[in-house]
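# Summary of structural features
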Amino acid sequence: MQAVRRLNEDISWVGVDDRRLHLFENMFPLPHGVSYNSYIIQDEKTALLDTADGGVLPQFLENVDYVLQGRPVDYMIVHHMEPDHCSGIARILERYPECRMVATQQAFRFFDQFNNTTLPEERKLLVKEGDELCLGAHKLRFILAPMVHWPEVMMSFDQKDGILFSADAFGTFGTLDGCLFDREIDLNASWLTDARRYYTNIVGKYGQQVQAVLKKAAGLPIRLIAPLHGPVWSEDIPMILEKYDLWSSYRPEDPGAVMIAYGSMYGNTKALCEALACRLGEKGLRNIKVYDVSETDKSYLIAEAFRCGYLVFAAPTYNNGLYPKMKELLEDMQSLNIQGRKCTVLGNGTWAPQSEKLMRQMLLEMKEMEVSEKTVVVRSRLSDAQNEELEAVAEDILRRLQA
Ligand SMILES: Cc1cc2nc3c(=O)[nH]c(=O)nc-3n(C[C@H](O)[C@H](O)[C@H](O)COP(=O)(O)O)c2cc1C
Ligand SMILES: [Fe+2]
Ligand SMILES: [Fe+2]
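Report follows, based on the coordinates. (Residues numbered from 1 in each chain as written. Chains lettered and ligands numbered in written order. Predicted model: local features only at pLDDT ≥ 70, side-chain atom pairs only at ≥ 80, totals over all residues. Heavy atoms only, no water.)

The environment of ligand 1 is made up of 18 residues, and the closest members are Ser264, Met265, Thr269, Thr317 and Asn320. Within the backbone of threonine 317, an N or O atom sits 2.7 Å from an oxygen atom of ligand 1. In this structure, an oxygen atom belonging to ligand 1 sits 2.7 Å away from a main-chain N or O atom of alanine 352. For ligand 1, whose unbound accessible area comes to 640 Å², protein coverage reaches 88%. (Near = heavy atom within 4 Å. Polar contact = N/O pair within 3.5 Å; in protein donor to acceptor, adjacent residues only side chain to side chain. Areas by Shrake-Rupley, 256 points an atom, 1.4 Å probe, with all protein chains shown as cover.)

Before going further, it helps to spend a moment on the coordination of the iron ion (ligand 2). Surrounding the iron ion (ligand 2) are the protein donor atoms His80 (NE2), Glu82 (OE), His149 (NE2) and Asp168 (OD), at 1.9 to 2.2 Å. Between the four donor atoms coordinating the iron ion (ligand 2), the angles at the centre fall across 90 to 170°, so the site counts as irregular. Mapped onto the sequence, the donors of the iron ion (ligand 2) take the spacing H-x1-E-x66-H-x18-D. Between the iron ion (ligand 2) and the iron ion (ligand 3), both coordinated by aspartate 168, there is a metal-metal distance of 3.3 Å. Remark: histidine 149 occurs in the loop between strand S13 (139-144) and strand S14 (154-158) and histidine 80 occurs in the loop between strand S9 (75-77) and helix H2 (83-86); sequence separation between them is 69 residues. The same class applies to histidine 80 and to histidine 149, which are both buried. (Donors = N, O, S within 2.8 Å, 3.2 Å for Na, K, Ca; no water. Tetrahedral: all angles 85-135°; square planar, octahedral: opposite > 155°, others 65-115°. Helix = DSSP H or I, 4+ residues; strand = E, 2+ residues; numbered from the N terminus. Buried < 20%, exposed > 50% of the residue type's maximum accessible area, 1.4 Å probe, protein only.)

In terms of nonpolar packing, the biggest core is built from 65 residues, with Leu48, Phe60, Met81, Ile89, Met101, Leu164 and Tyr244 touching the most fellow members. Leaving out residues up to four positions away in the same chain, tyrosine 244 has contacts with Asp168, Ala169, Phe170, Gly171, Tyr199, Val210 and Leu214. Among the nonpolar cores identified, the runner-up in size contains 30 residues, and Ala261, Phe313, Leu329 and Met359 belong to it. (Core = buried A, V, L, I, M, F, W, Y, C linked by side-chain atoms within 4.5 Å. Contact = heavy atoms within 4.5 Å.)

For the iron ion (ligand 3), the protein coordination sphere consists of Asp84 (OD), His85 (NE2), Asp168 (OD) and His229 (NE2), at 2.1 to 2.5 Å. Coordination at the iron ion (ligand 3) is irregular: its four donor atoms span angles of 85 to 172° at the metal. Spacing between the donor residues of the iron ion (ligand 3) along the chain follows D-H-x82-D-x60-H. By relative accessible area, histidine 229 is classed as buried at 0%.

The sheet built from seven strands is open, its strands ordered S1-S2-S7-S8-S9-S10-S11 with mixed pairing. The strands lining the two open edges of the sheet, one partner per strand, are strand S1 (5-6) and strand S11 (124-126). Pairing between S1 and strand S2 (residues 11-13): two bridges, direction antiparallel. Following the sheet pairing, arginine 5 is matched in S2 by tryptophan 13. On top of the sheet, helix H1 (residues 57-68) reaches S2, strand S7 (39-42) and strand S8 (46-49); it is set at about 15° to S7, its chief contact. Contacts from helix H4 (residues 105-115) reach strand S10 (100-103) and S11 within the one sheet, and its direction differs from that of S10 by about 125°. (Pairing = 2+ DSSP bridges. Axes fitted to C-alpha atoms, helices over the stretch in contact; angles between N-to-C directions.)

With that settled, consider the sheet that holds strand S12 (residues 132-134). Strand order in the open sheet formed by five strands is S12-S13-S14-S15-S16, with mixed pairing between adjacent strands. Whereas interior strands pair on both sides, the edge strands pair on one side only; in this sheet they are S12 and strand S16 (224-226). Across the sheet, the mean angle from the axis of one strand to that of its neighbour is 20°, orientation sign disregarded. Summarising the sheet, S12 and S13 pair through three bridges and their orientation is antiparallel. Paired with cysteine 134 across the strands is lysine 139, a residue of S13.

What follows is the structure, given as structure tokens:
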């Protein structure tokens, strides 16, 4: 049974929702699943834009058959060669012997690598920046988007309908559940959390490259943005473009928001952070989120680090080093290029505390991190004698937030 949607008269969505995959890239939790989007343009020629993940191919192929009603696929357009979109390409090329794959040079190389094959030249249509492909009334212009988030990535722009097929950019986690367009979906806070978590973890490292693509997109008369995951953007294009601009320039969405992330084995570092949060709350701060790095998956903390302007990290010393879960978080932040945040670090250790110094070092290795000199390093737990130090830390955070 097909499960398809129409974008307009000539263009259909033939993607598939996946609720069985628990971890995207075998790493990122998918509490609301994920969709693999694929589109068909039916004109004088037909074009299939990307395919889907191996786990959902039967449904995908059924959707393609239903929409085409016996017509062949003339062009298999490949915007991105990551397997969550590519598992069906070889099947399509096999089924339609006249079909040509349309892609960048690098995408052809990746296709051969993933399939242990050599695609014959006559099956390839190599495209470069600015090239156009005429399907009849629809004409696609190709826009290269290298390293958003793979090197072979390209987008295409349908000049007839003003649709930007944007590859993974503007994608989000979460299934579509029959609702294809943003206007059909309740874009509530939990949905935005999924969108942010998708961008920051999957594409976050490549802010500069995303900025370059946003500049190219700014010149196009875009009416729809059709990504490879999540809803098609229509009404909320200005909102998602603004978010992408913020995320890709590493500016916090909410400069006044504070994330307190702690690691804690026995609860003493946790208690220190709870005490700090209450003091901040008492002083009037309203936008505070406290997270346990062992409880909350790192991908959520990364998304929060992109959102919040002020980051507090607290962790115990562990084998003369930093509590491993906290180390992982800071390493990930570094590799994703998170930068330009105000930070405070708090340490703990029972015999030779090191964690505060180590977290400070790691943060200072990131770009433009402002790490406060004010800190509390506790031995096992916050003692009454250190109450004033904690108070000074709270006041310092407030002052720096207002600066
Ligand atoms: C495996 C292990 C290694 C530790 N290594 C150190 C260490 O090298 N230096 C130190 O001062 N404390 C070390 N500690 C002790 C904890 O850092 C300390 O008890 C801290 O107060 C625990 O904080 P928590 O209550 O938030 O878990 C270690 C604890 C464990 C379980
Ligand atoms: Fe991808
Ligand atoms: Fe993808």
